[in-house]
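Chain by chain, the residues:
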There are 2 protein chains.
Amino acid sequence: MRRALDAARNAALAGEVPVGAVVVLKGEVIAVAANAPRALSDPTAHAEMLAIRAAAARLGRDRLEDCDLWVTLEPCAMCAGAIAHARIARLYYAAPDAKGGAVEHGPRFFGQPTCHHRPEVYAGIAEGEAAGLLRAFFAGRR
Amino acid sequence: MRRALDAARNAALAGEVPVGAVVVLKGEVIAVAANAPRALSDPTAHAEMLAIRAAAARLGRDRLEDCDLWVTLEPCAMCAGAIAHARIARLYYAAPDAKGGAVEHGPRFFGQPTCHHRPEVYAGIAEGEAAGLLRAFFAGRR
């Protein structure tokens, strides 16, 4: 989660909502990404999406069933869907997102009958630090 | 929808689930994409995602509020989330997807309070042709 938080800080420095994500395979970090929809002109460029895409490209396959995803914020519906498509084994996230989250809020996607893969989910790791980054970012924009 | 169906047929020829998508801006097609997660080693490479990303890259911005999306299958949660993030104005889709759809099935994402943008939705356009392509593809794999 340390690496994901560093990526989130980099996102904030670039003027993007501070969220970072890391994909881990057998204890090795194989992809790190920061949220970057503005910089990339890509509405899908959330940290989770970029990390999953980078990991899949690196491994040369479209399923990451032996990989874990660490992310600083509860994934949205788009990212939860991507996590299921990628067959991510375990999802670790820091802060909950009552406004846009889709794991413990809103659609609660992994509990839907139309969700074809449910990762193990561990929430609240370094929650205070991740939430603090987001609060500081939005406070600075007011 | 004609262009989206052509893209879906190309996906099938490439061994991918036949789904195609098109982004239209003021009557002009600005992006066409076929489903390609295997070819691209990218679990997020659904037709809608690729078309939205191509359109956003072409326009140099991460919001497509003046654009419409045409797709041959009901979007999944990932794609519905991306449609909301991109602020797509109108969504036109052909066949419903009872197993993985997230518009009229499962999470019914655009009706969730955590969904920040709801496009106008028009379903059932060329439904028979789009569903026939999918049926033929899966029948051929059995």
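The structure presented is a predicted model; accordingly, all values stated were derived computationally and were not measured. (Residues numbered from 1 in each chain as written. Chains lettered and ligands numbered in written order. Predicted model: local features only at pLDDT ≥ 70, side-chain atom pairs only at ≥ 80, totals over all residues. Heavy atoms only, no water.)

So, on to the sheet that holds strand 5 (residues 120-123) of chain A. Residue and element names in this part refer to chain A. Read from one edge of the open sheet, 5 strands run 2-1-3-4-5, paired in mixed fashion. Single-partner strands in this sheet number two, and they are strand 2 (28-34) and strand 5. Taken over all neighbouring pairs, the strand axes of this sheet differ in orientation by 15° on average, direction set aside. Across the face of the sheet, helix 2 (residues 47-59) comes into contact with strand 1 (20-25), strand 2 and strand 3 (67-73) while running at roughly 140° to strand 2. (Pairing = 2+ DSSP bridges. Helix = DSSP H or I, 4+ residues; strand = E, 2+ residues; numbered from the N terminus. Axes fitted to C-alpha atoms, helices over the stretch in contact; angles between N-to-C directions. Contact = heavy atoms within 4.5 Å.)

It is worth spelling out the side chain of B:E74 at this point. Residues and elements named next belong to chain B. Looking at the element boundaries, E74 is found in the loop between strand 3 (67-73) and helix 4 (77-86). One buried charged residue, E74, forms no salt bridge at all, with the nearest opposite charge on R108 at 7.5 Å. Here the side chain of E74 touches D97 through a polar contact of 2.8 Å, landing on its backbone nitrogen. A polar contact of 3.0 Å, which involves the side chain of E74, links it to the backbone nitrogen of V103. (Buried < 20%, exposed > 50% of the residue type's maximum accessible area, 1.4 Å probe, protein only. Lys, Arg positive; Asp, Glu negative; His and termini not counted. Salt bridge = Lys/Arg side-chain N within 4 Å of Asp/Glu carboxyl O. Polar contact = N/O pair within 3.5 Å; in protein donor to acceptor, adjacent residues only side chain to side chain.)

For the rest of this paragraph, the subject is the UniProt feature "domain: CMP/dCMP-type deaminase" (unreviewed entry) in chain A. This chain's UniProt record puts "domain: CMP/dCMP-type deaminase" (unreviewed entry) on residues 1-104 of chain A. In residues 1-104 of chain A, helix accounts for 34% and strand for 25%; the two terminal C-alpha atoms are 19 Å from one another. (UniProt positions renumbered as here; feature names shortened; annotations may be inferred.)

When chain B is fitted onto chain A, the two copies agree to an RMSD of 0.0 Å after a turn of 180° and an axial shift of 0.0 Å. Here the transformation between the copies is reduced to the relation of a two-fold axis. No C-alpha of chain B lies nearer the rotation axis than that of B:M78, which sits 1.8 Å from it. When the interface residues of chain B are mapped onto chain A, 100% of them are again interface residues, pointing to one common binding face. (Least-squares fit on C-alpha atoms with pLDDT ≥ 70 in both.)

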